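What the coordinates show
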Amino acid sequence: DNCTQPFAYGDAMFDVRKDAKRPFRVRAGDTVVTAVGTTFEVERVSDAVPVRVFDGVVRVANDGSERRLAKGEWLMLASNQAPVGGRLDAGSYQAWRSDWLDADGLPLKYVIARLNRYTPQNVALHDPALGDLKVTGRFKLDRPVESLTMIAALLDMQARPEGQRVYLTPRKPRS
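Residues numbered from 1 in each chain as written. Predicted model: local features only at pLDDT ≥ 70, side-chain atom pairs only at ≥ 80, totals over all residues. Heavy atoms only, no water.

1. Regarding helix 3 (residues 144-154)
Heads up, the condition is: Categorising residues by exposure relies on relative accessible area from a 1.4 Å probe, with only protein chains included: less than 20% of the type maximum marks a residue as buried, more than 50% marks it as exposed, and the intermediate range marks it as partly exposed. Only DSSP runs of H or I reaching four residues or more are called helices, and only runs of E reaching two or more are called strands; each is numbered from the N terminus. Regarding the arc, it is the one traced by the directions from the helix axis to the C-beta atoms. Contacts between residues were defined by any pair of non-hydrogen atoms, one from each residue, lying within 4.5 Å.
Considered for burial, the residues of helix 3 that qualify are Pro144, Ser147, Leu148, Ile151 and Ala152. On an axial view of helix 3, the arc spanned by its buried residues comes to 135°, and they lie on one face. Exposed residues on helix 3 whose side chains face more than 90 degrees from its buried face are Val145, Thr149, Ala153 and Leu154. The inward-facing, buried residues of helix 3 contact helix 2 (108-115), strand 9 (122-125), strand 10 (134-140), strand 11 (157-162) and strand 12 (165-170).

2. Description of the packing of helix 2 against helix 3
Helix packing for two helices is described by the angle between their axes and how far apart those axes are. Applied cut-off: What counts as an axis is a line fitted to C-alpha atoms, over the stretch in contact for a helix, and the angles between N-to-C directions run from 0 to 180 degrees. Any angle from 65 to 115 degrees is called roughly perpendicular, while one under 35 is roughly parallel, one over 145 is roughly antiparallel, and all others are oblique. Crossings are sorted by hand: turned counterclockwise from the far helix by less than a right angle, the near helix makes the crossing left-handed, and turned clockwise it makes it right-handed. Three classes are used: nonpolar for Ala, Val, Leu, Ile, Met, Phe, Trp, Tyr, Cys and Pro, charged for Asp, Glu, Lys and Arg, and polar for all others, with Gly counted as polar.
Orientation of helix 2 relative to helix 3, taken along the N-to-C sense of each, is 165°, at an axis distance of 11 Å. One element, helix 2, and the other, helix 3, form an angle in the roughly antiparallel class. In this structure, the crossing between helix 2 and helix 3 has a hand that is left-handed. Contact residues: helix 2 offers Leu108, Val111 and Leu115, while helix 3 offers Pro144, Ser147, Leu148 and Ile151. Within the contact of helix 2 with helix 3, the residues separate by chemical class into 6 nonpolar, 1 polar and no charged.

3. Focus on unusual backbone geometry
Positive phi, close to 50°, is recorded for Asp63, a residue that is not glycine. With respect to the secondary-structure elements, Asp63 resides in the loop between strand 4 (48-62) and strand 5 (65-70). Taking relative accessible area as the criterion, Asp63 reaches 70% and is therefore assigned exposed. In the Ramachandran plot, Asp156 falls in the positive-phi region, its phi being about 55° despite a non-glycine side chain. Here Asp156 lies in the loop between helix 3 and strand 11.

4. Focus on the environment of Phe40
Within the element layout of this structure, Phe40 appears in strand 3 (residues 31-44). Residue class for Phe40 comes out buried when judged on its relative accessible area of 0%. Residues Phe40 and Asp15, 25 residues apart in the sequence, show an inter-C-alpha distance of 6.7 Å.

5. Focus: the pairing of strand 5
Basically, it comes down to this: Any two strands between which DSSP finds at least two bridges are classified as paired.
Judged from the 6 bridges that link them, strand 4 and strand 5 form a sheet pairing that is antiparallel. Bridging across to strand 5, Val57 finds its partner in Ala70. Connecting strand 4 to the next strand, strand 5, in antiparallel fashion are 2 residues, including Asp63 with a positive phi near 50°.

6. Description of the nonpolar core
As a reminder, the rule being used: Throughout, nonpolar core names a set of buried Ala, Val, Leu, Ile, Met, Phe, Trp, Tyr and Cys residues whose side chains join them through atoms within 4.5 Å.
Ranked by size, the top nonpolar core spans 24 residues in total, and within it Leu106, Leu108, Tyr110, Val111, Ile151 and Leu168 carry the most contacts. Those elements giving two or more residues to this core turn out to be strand 6 (73-78), strand 8 (100-107), helix 2, strand 9, strand 10, helix 3 and strand 12. Here this core takes 5 residues from helix 2, the largest share from any one element. What Leu108 contacts, discounting residues up to four positions off in sequence, is Leu125, Leu130, Gly131, Leu133, Val135, Ile151, Leu155, Met157 and Leu168. Among the nonpolar cores identified, the runner-up in size contains 16 residues, and Phe14, Val33, Leu69 and Leu75 belong to it.

Now the structure itself:
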């Protein structure tokens, strides 16, 4: 097996030439992504592994099952939920290179995990259940204060600094 070293968290982009004799594999947690001549992204965010294919095809293996993703498709595997996937703009490869986060129904907890890579003040939720809220939008990660302000407005929340953290909380009490 020629898998790369596992990584605990992070994001990596690969542009791989097809070579049937030497398949290129990336391991992120329990997920193995095998390139079949492609440009793709593998990310490790909290308990999830999102995979995005910008060109070509990859095979994604996890928990004994294997899926094939083609150009313009994404898949997110998380330990506590069924796999989710969909279509993406294959041209969004440039967004990855310029620190943009394109979210289309992405759970808030994963948006926060990505944002926390760019901000010295850790963003958190007092109520972990809020992490399942879906976020849709395009956010500039290297401008975390602006992005957090936009996310809070989209979800009718407020960002409140408390010590070394900024907490997102609902503006109105949840019923």
